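Descriptive analysis of the structure
Now for the letters of each chain:
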Amino acid sequence: MISFKNIKLFLFLTSFLIGSSQDKSTPTEIWEPIPKVVYSSSDSAPPNDAIILFDGTDLSRWNAKWSKKESKWKINNDGSMTVVFDGSGGIETKQKFGSVQLHIEWKTSEDVSHKNQKRSNSGVFFQDRYEIQILDSYKSPTYVNGQAGSVYKQHIPLVNASRKPGEWQSYDIVFDAPEFNSDGKKIKSGYFTVFHNGILIQNHVEIFGTTTNVGQPEYTAHDDGPISLQNHCCSQITLRNIWVRKLD
Ligand code: MG
């Protein structure tokens, strides 16, 4: 029969054992600083600490790349914008950024008369230099280090997650900016991690230098820079819901 005395002994031993195990684990518990609370209503909606670069309303956070004037890219009634091949060199943010998390949605053209790099080619450039390729790569061959989701001419995507022309797609990109010392020497490479339609396609890959179409990439020292979107012939590309979170 279980006596009151035995129950008391049981409770004492239990609390002693838990207590001694807690004492051992306590030194490795970190309580501060407490991570900031950030809220997001969905996987694609901007979290409440994001900087919204395009919400379908206007291009007030962007300039035409070469003229630095207001962009004439077309704003559509459904909250998207369509790239206009206006010889502007694309658009770039007025704000400069270092390391960031970026979300962008894009839709390639159902006009598939063009091939290879001419089919809905655009790209997201970080610090005005490092490109993640946007392209119609759905059953549309090109050199694989230049297909959708490539770090252009530096890293082939792990898989081809492309959807059909006319279907919305997304990139979630983590850009870890390179660092340079006061003499202009690189002290840390940049890195990219990229999800295409929620699928990991670049897993913390090292950036070898400024994106180039000819020759090998090289680093040149720079500070924070704008995020830019490429204007490249020939079939159209439509974009929406672009936001960024600063990581430094
Ligand atoms: Mg491109």
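Notes on the structure in this doc start here. No experiment lies behind these values; they were computed from the predicted model shown. (Residues numbered from 1 in each chain as written. Predicted model: local features only at pLDDT ≥ 70, side-chain atom pairs only at ≥ 80, totals over all residues. Heavy atoms only, no water.)

Now for the coordination of the magnesium ion. Donor atoms from the polypeptide that coordinate the magnesium ion comprise Asn121 (OD1), Ser122 (O), Glu131 (OE), Gln133 (OE1) and Gln230 (OE1), at 2.1 to 2.3 Å from the metal. Mapped onto the polypeptide sequence, the residues donating to the magnesium ion form the spacing pattern N-S-x8-E-x1-Q-x96-Q. Separated by 108 residues along the polypeptide, Ser122 in strand S7 (residues 122-126) and Gln230 in the loop between strand S14 (228-229) and strand S15 (237-246) bring together distant segments of the chain. The class for Ser122 is buried, based on a relative accessible area of 0%. Of the residues examined, Gln230 reaches a relative accessible area of 18% and is grouped as buried. (Donors = N, O, S within 2.8 Å, 3.2 Å for Na, K, Ca; no water. Helix = DSSP H or I, 4+ residues; strand = E, 2+ residues; numbered from the N terminus. Buried < 20%, exposed > 50% of the residue type's maximum accessible area, 1.4 Å probe, protein only.)

Core analysis: the largest hydrophobic core is formed by 40 residues, its most contacted members being Phe126, Tyr171, Phe192, Leu229 and Leu239. Mapped by element, the contributors of at least two residues to this core are strand S1 (51-54), strand S6 (100-108), S7, strand S8 (130-134), strand S9 (169-176), strand S12 (191-196), strand S13 (199-206) and S15. (Core = buried A, V, L, I, M, F, W, Y, C linked by side-chain atoms within 4.5 Å.)

Another aspect to go through is the state of the cysteines. One pass over the structure, following the stated rule, counts one disulfide. Cys233 shares a disulfide with Cys234; S-S distance 2.2 Å. (Disulfide = S-S within 2.5 Å.)

Further remarks concern the sheet that holds strand S5 (residues 91-93). Note on sheets: strands pair through backbone hydrogen bonds, and any given pair is parallel or antiparallel. Strand order in the open sheet made by the five strands is S2-S5-S14-S7-S8, with antiparallel pairing throughout. Each end of this open sheet is capped by a strand with a single partner; those strands are strand S2 (62-64) and S8. Bridge analysis of S2 against S5 gives three bridges, and the strand direction is antiparallel. Paired with Trp62 across the strands is Thr93, a residue of S5. (Pairing = 2+ DSSP bridges.)

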